Amino acid sequence: MATLDQKSPNVLLQSLCCRITGKSEAEVAHQFQYAVRVIGSNYAPTIERDEFLVSEKIKKELLKQRREADAALFSELHRKLQTQSVLKHRWSVLYLMLSLSEDPRKPSGRVGNYGALFAQALPRDAHSTPFYCTRPQSLALGYGERSAGLSASVGTSGISSLGVYTLNGPTATPQSLLASQPPQSAAGGGQPLGARLAWALPVSCSPSSALATLASRPPLGPPVPSSRATRPRRDGEVSEAALVRDILYVFQGIDGKFIKMSAQENCYKIDSKVVLCKSLRDTSSRLAELGWLHNKVRKYTDVRSLDRAFGLVGQSFCAALHQELKEYYRLLSVLHSQLQVEDEQGVVVCTESSLTLRRLLVWMYDPKVRLKTLAALVDFCQGRKGGELASAVHSYGKTGDPQMRALVQHILSLVSHPILNFLYRWIYDGELEDTYHEFFVASDPNVKTDRLWHDKYSLRKSMIPSFITMDQARKVLLIGKSINFLHQVCHDRTPPSKITPASTSADTPKDAAELLSDLEGAFQQKIDAAYFDTSKYLLDVLNRNYLLLEHLQAMRRYLLLGQGDFIRHLMDLLKPELVRPATTLYQHNLTGILETAVRATNAQYDNAEILKRLDVRLLEVSPGDTGWDVFSLDYHVDGPIATVFTRESMGHYLRVFNFLWRAKRMEYTLTDIWKGQMCNAKLLKTMPELSGVLHQCHILASEMVHFIHQMQYYITFEVLECSWDELWNRVQQAQDLDHIIAAHDIFLDSVISRCLLDNNSRSLLNQLRAIFDQIIEFQSAQDSLYRSALEELALRLQFEERKQQREEECQWGVTAEQEAEEKKRIQEFQETIPKMRSQFRILTHFYQSIVQQFLVLLMTSTDESLRFLSFRLDFNEHYRAREPRLRASLGTNRGRRPSNI
């Protein structure tokens, strides 16, 4: 243990102190503590490591010595050195050359008396090193050459460029540490302590030594004018030093002795009773603006930091403002320490290193610009949170000022960090932990699982940051929604990491800043990759496990009557049931007939999963309805496919099915009418008195058949087939589930509108239904005609048969009484024929008038396909000759719908 203790850093440091001072261990306790503080401090050299600046100083020294040729040779050699990779620390070499070339007659900055060094305390604020992002544009590059109070460097920021790292604590700093020259490698104790102990500090340990140093140091440039040194004060006038002290308090938002906050004017004002020249008063007013700006920013952060509802984005914004204020406070602490050093050393005259209002005005230029930016940002962000707050910050980054742009980009990287974390959790895990509603994806916990895709998740458009496009936001919503849909609705337990590999998230604000700098590159690639992988996997699951495309085709075959053999056979089987009153129907009977039709047609080869969903549905019964009016096919949907086939969609399918079923019934009815006419034509040839009525029936039936065939052609080919082809192409090209849902909705809307089922075609649909009613009425009238005619025919044949039978028995065929009754009955039947003829004439008139009105509505429709349908329905211009409104050409009526119809 003794060996280890002798080699510990503390023991070695204490031995070093004893050897330097020549004293015992007990006597160097104070120096040992000072050395420990030196080693634990955070000193930084006050000169900037600028190779160009050092080379320019060397050339200036050569030019001062009238060595122009050497200056040119040095410039050429330095240029060649820059092209070589031999030296890595060219700045150090050049700075060493510059230090060695200094005039030895100047006061040396070497540490000669180590005892005096360790006898003093460590500078109190030596560890405070403010840092800003940009160089102050208001200070010249060689500003430190004109003032021994400023170091030879212009720092890497607007605050560190002040060069005032030489601030002392309660005790004074040794003169050996306060010389403005850099440490030199001299024999006998030239150690590199200058770089660690702020060797460029301009303030001396006493006023006399300070003045002596200033007097012995030749000026390097034109002196900085000072009102305190040149202008005599009037009686009672406030000194500039007192104003500087007040200004430093005002910078922190604290009222000074002479400068106070005016509540009425909302600004800092100098007391009107204070005797002060106009220049100092104006300069002080300009500097006091920093206090007002500081108060504005500080008030916002104090209020919002305590508001938990402000959210993570708002707290990040407050943290960014606190960070900027912290750097501002570090600058003020440097200035306060400098002022304290001047007071302790009793500096009563203006030196080149003393604080003046004019120096403050120059040094505080960049901090003032930053505070103005922050104050404007605070004003603009009032009442905003989350993504809206990030958009407000992002809008301020669109400026040509590089300093302001760098500041806003830094704040934006902090503000957007929580948003990007929300985003990555959402697109890679499907998790949404947005307690304060800051993210642009919103979730409604009250929505049930069956409506998850449509209603549970949505976009908060106000919360979409302006650096994220609407297309990117839509993809982000779809990615997380797809993951949750897979887990909760499809019950797919595949980890999200296997669906799409998780990319590196924005773990730090630096990562967020890098991501924001390439929104159209890396960020877009991450979104696109997650979007394509997740959407493709979801569609594969729906098609493979839940037969989405097969269900879509089943809708076309059964609900849209695409399976022709099945529909025809079903109608044949259902006809005896559907002609009965609707109140006498039983669903289980109809379901049995449906299963029979499935087994007897090609529908039996469909997937069992599809066939078990096919069912019968009876609509609400109205008085006088028959089975035809209330029968409907139904298709049960549940689970994931119910997301595509929603209740609204199934309602549309039901409407379209009823329309198509009614049109198919008209075709079926007209087929029965034609069959009746063909079968009864030969039978009724023996009744010539019916020829006129039958001819009238044939003509009207032909008109109806033509009309229904043209309507069926239009519905089947121009509406259903064309719309289905477009739907199928869109589904095959769909990249996500939303595309399929949108294509399906477009398909249904197209079918609804072109089948005259929308609100705009209500008048057309009413006319079409009236035509269908006329067909049903015509069927009843013709059936009545054939029934009475066949009864009459049967009676006549029966009379002839009895007559013939009696004649074969060698008896009189009929008696006079029987013959009179037969003639009377025939006469009565013939008297009913004109009534039948008039009935069919009225029926024909009504039918043609309704068709004529229907054609006029088609002709004036905005849909071009409906106008072409009107020409096909009136192919021989029969109705055109009767109606003047049908005589207009197709082009003159395009896009015009008269209001008087």
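Note that the structure is a prediction, hence the values are computed from the model and not measured.

## Concerning the packing of aromatic side chains
Applying the stated criterion across every chain yields a total of 21 aromatic pairs. On the numbers, 5.6 Å between centres and 50° between planes, the contact of phenylalanine 380 with tyrosine 396 is tilted. A residue pair is termed long-range when its members are at least 10 positions apart, and phenylalanine 380 in helix α15 (residues 365–380) and tyrosine 396 in helix α16 (residues 386–396) qualify at 16 residues. Taking relative accessible area as the criterion, phenylalanine 380 reaches 34% and is therefore assigned partly exposed. Judged by relative accessible area, which is 25%, tyrosine 396 ranks as partly exposed. Taking the centre distance of 5.5 Å and the plane angle of 80° together, the rings of tryptophan 453 and phenylalanine 485 count as edge-to-face. Remark: phenylalanine 485 occurs in helix α19 (residues 470–488) and tryptophan 453 occurs in helix α18 (residues 452–456); sequence separation between them is 32 residues. Taken individually, tryptophan 453 and phenylalanine 485 each receive the classification buried, so the pair is uniform in this respect. Here a set of aromatic residues connected by ring pairs shows up, and it is made of Trp628, Phe631, Phe657, Trp661 and Tyr668. Against the face of tryptophan 453 rests lysine 481, its NZ or CZ located 4.5 Å from the ring centre.

## Remarks on a nonpolar patch on the surface
Residues Val86, Leu87, Val93 and Met97 make up a contiguous nonpolar surface patch of about 330 Å² in total accessible area. Looking at where methionine 97 falls in the secondary structure, it is placed in helix α6 (residues 90–100).

## Some remarks on a negative patch on the surface
Among the surface-exposed residues, Glu800, Glu807, Glu808 and Glu809 lie close enough to one another that they form a single negatively charged patch. Owing to a relative accessible area of 44%, glutamate 809 belongs among the partly exposed residues under this scheme.

## Considerations on the confidence of the model for the chain
Within the chain, residue pLDDT values average 79, and 79% of them lie at 70 or more. Contacts of residues 107–230 to residues separated by more than four positions or lying in other chains number 261 contacts, the stretch itself having pLDDT below 50. Confidence over residues 889–901 falls short of pLDDT 50; this stretch has 24 contacts with residues more than four positions distant or in other chains.

Conventions and cut-offs
- Residues numbered from 1 in each chain as written.
- Predicted model: local features only at pLDDT ≥ 70, side-chain atom pairs only at ≥ 80, totals over all residues.
- Heavy atoms only, no water.
- Phe/Tyr/Trp six-rings, centres within 6.5 Å; stacked < 30°, edge-to-face > 60°.
- Helix = DSSP H or I, 4+ residues; strand = E, 2+ residues; numbered from the N terminus.
- Buried < 20%, exposed > 50% of the residue type's maximum accessible area, 1.4 Å probe, protein only.
- Lys NZ or Arg CZ within 6 Å of the ring centre and 35° of its normal.
- Patch = residues over 30% accessible without salt bridge, like charges linked within 9 Å, V, L, I, M, F, W, Y side chains within 5 Å.
- Areas by Shrake-Rupley, 256 points an atom, 1.4 Å probe, with all protein chains shown as cover.
- Salt bridge = Lys/Arg side-chain N within 4 Å of Asp/Glu carboxyl O.
- Lys, Arg positive; Asp, Glu negative; His and termini not counted.
- Charge placed at Lys NZ, Arg CZ, Asp CG, Glu CD.
- pLDDT = per-residue confidence, 0-100.
- Contact = heavy atoms within 4.5 Å.

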